[in-house]
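Residue strings, one per chain:
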Amino acid sequence: MQLTAPAGRPAGLRDTDGMAVASFVLGLLGLLVLNVFLGPVAIVLATVALARGTRRPGRAWLGLGLGVADLVVLAAFMQADNTISWSI
């Protein structure tokens, strides 16, 4: 079974748009839970989406920024607690 994209729009572009949105959602979710996993995933998805030329570069940049923010928040809480994880 072969997936086809709408006329005039390559299938790879649709994938990059999904990656941009996924990086934004995972970066946002990572601020609350599992930032040690979701932050790097958001960074990778955003970078791949930007490298492949997504039609949603704003969401990809937001996903990249949120992924970095996830890791910064994790580092700040690790310094405060002297542990690998954090809890409220």
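Procedures and definitions
- Residues numbered from 1 in each chain as written.
- Predicted model: local features only at pLDDT ≥ 70, side-chain atom pairs only at ≥ 80, totals over all residues.
- Heavy atoms only, no water.
- Helix = DSSP H or I, 4+ residues; strand = E, 2+ residues; numbered from the N terminus.
- Expected span 1.5 Å × (residues − 1).
- UniProt positions renumbered as here; feature names shortened; annotations may be inferred.
- Polar contact = N/O pair within 3.5 Å; in protein donor to acceptor, adjacent residues only side chain to side chain.

*Asks:* Please explain helix α3 (residues 57-81) as it appears in this structure.
*Replies:* At 3.6 residues per turn, the α-helix brings residues three or four places apart onto the same side. Over its 25 residues, α3 extends 36 Å from the first C-alpha to the last, a length consistent with the 36 Å expected when each residue adds 1.5 Å. Of the residues flanking the end of α3, it is N82, one or two places downstream, whose phi is positive at about 60 degrees.

*Asks:* Would you take a moment to explain the UniProt feature "transmembrane region" (unreviewed entry) in the chain for this structure?
*Replies:* The positions UniProt marks with the feature "transmembrane region" (unreviewed entry) are residues 20-48 and 60-80. In the segment residues 20-48, helix accounts for 86% and strand for 0%; the C-alpha atoms at its two ends are 9 Å apart. Secondary structure within residues 60-80 divides into 100% helix and 0% strand; the distance between the first and last C-alpha atoms comes to 30 Å.

*Asks:* Help me out: how do you make sense of the side chain of D17 in this one?
*Replies:* Tracing the sequence through the fold places D17 in helix α1 (residues 11-30). One polar contact links D17 to T54, side chain to side chain, over a distance of 2.8 Å.

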